[in-house]
Amino acid sequence: MSATLWAIGSGKGGVGKTFMTSSLAITLSRLNNRVLVIDLDTCGGNIHTVFGESPTKKSILSFFTEKIWIN
């Protein structure tokens, strides 16, 4: 099995990164691909809102600052 990594980023807010990421993830999953979306925004990750999920108590920032694994 092979994997493909797609990174979507920009230095500016409000350019559509979340919209593009969620649309791409939904489209790929509908084409029977396994998809993992990871929001690495340390200050305001919000991809969970697009998918109707609640925010987690821990984030990628917790991993680096508190040296804990995210469960």
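Heads up: the structure comes first, above all this text.
Definitions and cut-offs
Residues numbered from 1 in each chain as written. Predicted model: local features only at pLDDT ≥ 70, side-chain atom pairs only at ≥ 80, totals over all residues. Heavy atoms only, no water. Helix = DSSP H or I, 4+ residues; strand = E, 2+ residues; numbered from the N terminus. Buried < 20%, exposed > 50% of the residue type's maximum accessible area, 1.4 Å probe, protein only. Contact = heavy atoms within 4.5 Å. Areas by Shrake-Rupley, 256 points an atom, 1.4 Å probe, with all protein chains shown as cover. Lys, Arg positive; Asp, Glu negative; His and termini not counted. Charge placed at Lys NZ, Arg CZ, Asp CG, Glu CD. Expected span 1.5 Å × (residues − 1).

Peer 1: Honestly, the overall build of the chain in this entry has me stumped. Any pointers?
Peer 2: A tally of regular secondary structure across the chain gives 3 helices and 0 strands. For the C-alpha atoms alone, the extent of the chain along its principal axes is close to 40 × 35 × 25 Å. Within the span of the chain, comprising 71 residues, buried residues form 7% of the whole. Of all intrachain contacts in the chain linking residues separated by at least 6 positions in sequence, the fraction that spans at least 24 positions is 24%. Here the chain displays about 6300 Å² of accessible surface, and carbon together with sulfur accounts for 58% of that area. When the 7 basic and 4 acidic side-chain charges of the chain are each reduced to a single mean position, those positions are 4 Å apart.

Peer 1: Can you walk me through unusual backbone geometry in this structure?
Peer 2: As a rule of thumb, non-glycine residues mostly have phi less than zero, and peptide bonds are mostly trans rather than cis. Despite not being glycine, Asn-32 shows a phi value in the positive range, around 65 degrees. By secondary structure assignment, the location of Asn-32 is in the loop between helix 1 (17-30) and helix 2 (47-50).

Peer 1: Whenever I open this one, helix 1 confuses me. Can you help?
Peer 2: In an α-helix, one turn spans 3.6 residues, which is why side chains three or four residues apart end up on the same side. Taking 1.5 Å of rise per residue, 14 residues should cover 20 Å, and helix 1 covers 20 Å from first to last C-alpha, within 8% of that figure. Trailing helix 1 by a residue or two, Asn-32 shows a phi angle of about 65 degrees, which is positive.

Shape descriptors only; they carry no functional weight alone.
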